[in-house]
Amino acid sequence: MPSCRVQVKSFSVLQWLALALSLFLQSIVCAQDAMQREFESPPDSARPWVYWYFMDGHISRSGITADLESWKKAGIGGGIFLTVNVGIPRGPVDFMSEEWQKLFVHALRESDRLGLELALGAGPGWCGTGGPWIRADQSMQHLVLSVATATGPEHFRQVLPKPIPRVPFFGLGTLTPTLRKEYEDFYSDVAVIAFPTPEAGTLANVDETALYYRAPYSSQPGVKPFLPLSDNLNAVPAEQCIPSAHVIELTDHLRTDGTLDWQVPAGNWTILRCGRTSTGQVTRPAPEPGLGFESDKLNRASLDVHYKAFLKPLLSQADSIDHPGRGLTMLHFDSWEMSSQNWSVEFRKQFMNRRGYDPLKYLPAMSGRTIDNSDVTQRFLWDLRQTLQELTLDNHLLYLKQLGQKHHLTLSIEPYDLDPCADLNMGSAADLPMCEFWSPGYGFPTEYSVIEATSIAHVQGKPIVGAEAFTAGADEAWHQFPGSMKAQTDWAFAAGVNKIVFHRYQHQDEPTREPGMTMGPYGVHWERTETWWDFVGAYHRYIARCSEMLRKGTTVADVLYLAPEGAPLVFRPPPSALTKKTGDRRGYNFDGCDPHALIAKASVVDGRIAFPGGSSYRLLVLPELDTITPELLGKIQQLLQDGATVMGAPPMRSPSLVNYPACDKKVRELADEIWSGSDAQHAVGKGLLIRDHLPTKADGTDPFDIYPSYDKTAAVLASLGVWPDFQSDDPIRYTHRRVSGATEADDVDIYFVANPEEREVATECHFRITGRQPEWWDPQTGASRDLPDFHESGGMTTIPITFDPLGSGFVIFRRPIAPRTASASPANFDSVQTLMTLSNQWEVSFDPARGGPGKVAFDHLVDWTTRPEPGIKFYSGKATYKTKFDVPGDVTNRPRAISLGQVCNIASVKLNGHDLGVAWCTPWRVQVPADVLRSHGNTLEITVANLWINRLIGDSSRPEAQRISWTTYNPYHVDSPLQPSGLLGPVTLTSR
């Protein structure tokens, strides 16, 4: 390894220049050496995190210390501190009591002592920000309307009916009697308006379009990813419409008792009394002392109340623990699960400031009525939702971020699910954008949120993408373990995630109970009471190595999909951009971009659309919609003038009522300038426009699939001489990052590649790079070496790679190709040969404290559940296998490994007293150092841990006093199927 220091002497000018060049080249080498060192021994910052859940009132000083010390030992870097109530009877320590706060501070001090990091959930539960300190008038609010009629000319003097609040999205059952009374009692008038009564017609359902409710996109079928404007602009007959010019305000005629005093003009009139009520949304699933209304997300004053009551008391105590990078470092805003609101105390004023017109004349649209015509009504509702989004960002999330910064905290956000905003826009407020993915078969399809979070991070220049990982429903019930999670871990890495946050680690307030406290039936079980916890560090090191490498440099992607304007919106790429079977990125990688980020941050550098954080894209693909604002279209035109390549169809109109109808004229003028050519592609300034056509959605097609197919986009890129970044002859998942050097020759290209199949795959992989030596870096071991067998052709480097079942690794390009001899290159991956099978008797030791029988002789390896002894059949825990063997003398001089065959479910291996490490996933193999294996008298010791399930089944038929296990959730019974357990083998000595 070259030295990274130099002695300064008295040099001539030429010598100084030579020294400067030498130092520059040496700095590149040192940076590359640092990368390799950080791969071998990744920093603590790359370690995975956990969701650290505290069940209502169940918290103890000893449990906190034991939890955190177990993190440190197992290679966990931090956790998100959340207090909830999920079906567990309350414990003795009241949330936010003096005792509870002392324990919280103890957790901060212990995490600081151990060099761990904590994030604090922004409020009780995981819903958002709220609590019993939020009054109904400070809560999330709706605009509600009541109807009265009058016929003029007459003098109208009547009490107008008071509008009633909407039923909360999650139902009235979420409210305590006290909260329900507050919810029902709160009402504040906003305005009274009247208009000539139109002919009777059907009122539109505005629950979605006026954002009274937003259902969960991930779990409720039929929820739209976005709300497109209808093409049928004359859907409502003119006689059923309300002319906006005829809407009059009568607010000044309303008395405090609700009486309207008004001289009615001639004709039939409809009177709407408009007011504010609470949405009834409460914190969930909050500890009982933390149950209260969610704060108004459009009003900073409401967040101030929450900050003073909940955050400030805790953060002020945390400020005294001043070690950067340790203790409390972040606030966390979890997935948006509180539906939506559409009004607030100053909303009318804010709307006028942001949209430039008064919403008053259009308020009947919020009751499903049509103002002027369908087009105008839809535009107003679009403006309403846009204003709600902007206020949510400015007055809540960005303000929460600002409040956290006062305490030197960053902010993580999960911007998805019942989100009333566009997900990409909401995530832009985060220092750490986060997503969520569930364990396969145990939850909901939230993989779309991974695409969103990685897109946010890349476009916004954020180096880290977090994931609430392996979330699970009730059926998971201790089924998961590191080996079962390998494939999905690699999928997440290939999708762009580089910070795994396991959902969940349950705090154990009683350290001796096993498996102990649960989070009701939810979450993967990732805590120190797991049978295999002593071995989990090997898996965590794998995660840390991959995470550290995937934070280097910037992502390499070719396609930037522009998300539509408007809210709410879930970004979805074309389905064809992902493989059907595994959901992996295809050869041209992509990101999504929110319109605001394109306007504010995008520029053109060397023909690529570039962002300040370093991400850049060869092709901008527009959504196949006919609406766009003049501001956004003007930005697209500027990018084209500056040299970008854009693919899309000409839009026709604006979605907004701002500057209507001049806005539509401006859109048409800009579109005519941009799409002026008749050819399929033509130059616009320095750039190139690829003309696309708005498709006619045939019956049965998805109306929300709004981008050209992957094949069409790939053909465009190929015509530009841009080849896929990665291809393989077999399905292999990948991602690519680049660390830029002073020149292109100094770049370091990092490809992560992984086999999604549970079989060995030998294939050729093609990388869009030439001129550099490929290397193989193994994240399981930290070892690295050259790949000698490769060839270059057509701008691609082709490398034969043999992947183990579910195998993975990094292909690194960082050095010039060394001269090679004419002789054939050695293979990149040697074949595995079995030298001998270990078939001697095994002595197996089961822990009596776990119900095991002590030492038992196994003549051959079998599944524990097939044994007659109840202490083995229903055993859950660790058991140690010992055997002795001799080997032929010539074997000791060859590279060797011990293959364990089939393991249920994780194992550590020692040979002749030397620790060979942990086998936590297929192919269940550990390497044997050259000086460990002997010709005679080898002692092999394999400690295997299975799952908790068999013991929970066995205990279900025993009296509680005789049970070995204790847990707050046991779905198993005497007839539940037992899980295969133990070392099943065959155990072999192998060589490459």
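Residues numbered from 1 in each chain as written. Predicted model: local features only at pLDDT ≥ 70, side-chain atom pairs only at ≥ 80, totals over all residues. Heavy atoms only, no water.

## A look at the sheet that holds strand 24 (residues 681-684)
Here comes step 1: Ordered by their spatial adjacency, six strands build an open sheet running 18-17-22-23-25-24, and the pairing between neighbours is mixed. Either end of the sheet is taken by a strand with one partner, and the two such strands are strand 18 (590-593) and strand 24. Taken over all neighbouring pairs, the strand axes of this sheet differ in orientation by 25° on average, direction set aside.
Here comes step 2: Bridge count for strand 17 (residues 559-562) against strand 18 is four bridges, and the pairing is parallel. Residue pairing across strands places Val559 opposite Phe590, the latter belonging to strand 18.
Here comes step 3: With respect to the sheet, helix 9 (residues 447-460) is in contact with strand 17 and strand 18, its orientation differing from that of strand 18 by roughly 80°. (Pairing = 2+ DSSP bridges. Helix = DSSP H or I, 4+ residues; strand = E, 2+ residues; numbered from the N terminus. Axes fitted to C-alpha atoms, helices over the stretch in contact; angles between N-to-C directions. Contact = heavy atoms within 4.5 Å.)

## Overview of the pairing of strand 11 (residues 410-413)
Here comes step 1: Of the pairings in the sheet, the one linking strand 10 (residues 327-333) to strand 11 comprises four bridges and is parallel in character. Note on strand 11: the bridge partner recorded for Leu331 is Leu411.

## Section: the packing of helix 6 (residues 347-355) against helix 7 (residues 374-405)
Here comes step 1: Relative orientation of the contacting elements helix 6 and helix 7 amounts to 105°, with a least axis distance of 10 Å. Taken together, the axes of helix 6 and helix 7 lie roughly perpendicular to each other. Touching Phe347, Gln350, Phe351, Arg354 and Arg355 of helix 6 are Phe380, Asp383, Leu384, Gln386, Thr387, Leu388, Glu390, Leu391, Asp394 and Asn395, all from helix 7.
Here comes step 2: For the contact of helix 6 with helix 7, the residue count by class is six nonpolar, four polar and five charged. (Parallel < 35°, antiparallel > 145°, perpendicular 65-115°, else oblique. Nonpolar A, V, L, I, M, F, W, Y, C, P; charged D, E, K, R; others polar.)

## Some points on helix 10 (residues 486-495)
Here comes step 1: In terms of residue burial, helix 10 counts as a mostly covered element, since nine of its ten residues are buried.
Here comes step 2: Residues of helix 10 that are buried: Lys486, Gln488, Thr489, Asp490, Trp491, Ala492, Phe493, Ala494 and Ala495.
Here comes step 3: Once helix 10 ends, the next one or two residues include Gly496, with phi positive near 115°. (Buried < 20%, exposed > 50% of the residue type's maximum accessible area, 1.4 Å probe, protein only.)

## Details of the packing of aromatic side chains
Here comes step 1: Going through the model one piece at a time under the given rule, you end up with 59 aromatic pairs.
Here comes step 2: With a centroid separation of 6.1 Å and 15° between ring planes, the pair formed by Tyr51 and Tyr53 is classed as stacked. As far as burial versus exposure is concerned, Tyr51 and Tyr53 are alike and both buried.
Here comes step 3: Seen from their ring centres, Trp776 and Phe803 are 6.3 Å apart, and the 75° between their planes marks the pair as edge-to-face. With Trp776 in strand 30 (residues 772-777) and Phe803 in strand 33 (residues 796-803), the pair connects residues that are 27 residues apart, well separated along the chain.
Here comes step 4: What makes Trp776 buried here is its relative accessible area of 8%.
Here comes step 5: The ring of Tyr212 has Arg166 lying over it, and the distance from NZ or CZ to the ring centre is 4.0 Å.
Here comes step 6: Here the guanidinium or amino end of Arg284 rests over the ring plane of Phe170, the centre of that ring lying 3.9 Å away. (Phe/Tyr/Trp six-rings, centres within 6.5 Å; stacked < 30°, edge-to-face > 60°. Lys NZ or Arg CZ within 6 Å of the ring centre and 35° of its normal.)

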